[in-house]
Amino acid sequence: MTKPRPSRGWQAFSIVALLLVLPYEFGALFRRPSAYDAARYAIDTISVIGLTGYAFARPLGPQRFWRVFAPIFILFNAAIALRGLPRMLEWSALPRESWLGIAMALAVMLGMQLAISGFMALALFRHGGWLRGPETETVDFLTAFD
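Calculation criteria
- Residues numbered from 1 in each chain as written.
- Predicted model: local features only at pLDDT ≥ 70, side-chain atom pairs only at ≥ 80, totals over all residues.
- Heavy atoms only, no water.
- Helix = DSSP H or I, 4+ residues; strand = E, 2+ residues; numbered from the N terminus.
- Contact = heavy atoms within 4.5 Å.
- Areas by Shrake-Rupley, 256 points an atom, 1.4 Å probe, with all protein chains shown as cover.
- Polar contact = N/O pair within 3.5 Å; in protein donor to acceptor, adjacent residues only side chain to side chain.
- Expected span 1.5 Å × (residues − 1).
- Bend = angle between axes of the 7 residues up to and from the residue.
- Buried < 20%, exposed > 50% of the residue type's maximum accessible area, 1.4 Å probe, protein only.

Right, let's get into the overall build of the protein. Of the regular secondary structure elements, the protein holds four helices and zero strands. Secondary structure of the protein in N-to-C order comes out as α-α-α-α. For the protein, restricting intrachain contacts to residue pairs at least 6 apart in sequence, the fraction spanning at least 24 positions comes to 69%. Counting only carbon and sulfur atoms, one obtains 70% of the accessible surface of the protein, whose full area is about 9700 Å².

With that settled, consider the side chain of S7. Following the sequence through the fold, S7 ends up in the segment before α1 (8-28). Within the structure, S7 has its side chain in polar contact with the backbone nitrogen of G9 (distance 3.1 Å).

What follows concerns α1. With 21 residues, α1 extends 29 Å from end C-alpha to end C-alpha; this agrees with the ideal 30 Å at 1.5 Å per step. The largest bend in α1 comes to about 40°, at L22, with the proline P23 one to four residues further on. Within the span of α1, buried status applies to G9, W10, Q11, F13, S14, A17, V21, E25 and A28. Looking at the buried residues of α1, the elements they touch are α2 (35-55) and α4 (99-127). Of the residues flanking the start of α1, the one acting as N-cap is S7, its side-chain oxygen 3.1 Å from the backbone nitrogen of G9.

Here we take up the environment of G27. Positionally, G27 belongs in helix α1. We classify G27 as partly exposed; its relative accessible area is 22%. As a C-alpha pair, G27 and Y41 span 14 residues in sequence and 8.9 Å in three-dimensional space.

As a further point, take unusual backbone geometry. Residues apart from glycine generally show negative phi values, whereas peptide bonds are mostly found in trans. Here the phi dihedral of R32 falls at roughly 60°; this positive angle occurs in a residue that is not glycine. You can see R32 is positioned in the loop between α1 and α2. On the basis of relative accessibility, which here comes to 80%, the residue R32 falls in the exposed class. With a phi angle near 55°, A57 is a residue other than glycine that sits in the positive phi range. Looking at the secondary structure, you find A57 in the loop between α2 and α3 (63-90).

Scope: geometric values only; no functional claims are made or implied.
Here you go:
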């Protein structure tokens, strides 16, 4: 069986993720962060490394590691989302005139976060062998434009 050609869509996504995550979050690991921030920075950094491994079809570590890490990534992202819910309740104290703008900004931010986390989770689950990759699927959004 031949190895599938890496998708340019996944490669572009992984390069953008690397450029966004590594300079800030990897460097922040060395600035004495709190335990929560250190865990968040470490998980984000490892997830980008896994995304890059999947995008360029290079196994970066044993597949068993990615099989365990992918669900941890999902659970940690869910915990981060739940941690932000109390902050949203504070916005109810603002005047009603500003609610529409806040709701629109919140919808855009949440949509972007869900999309980025969703695509990263998809790549990690594929890299770990939980899901089949594009070589066995009929349509894959990130490879449809190759």
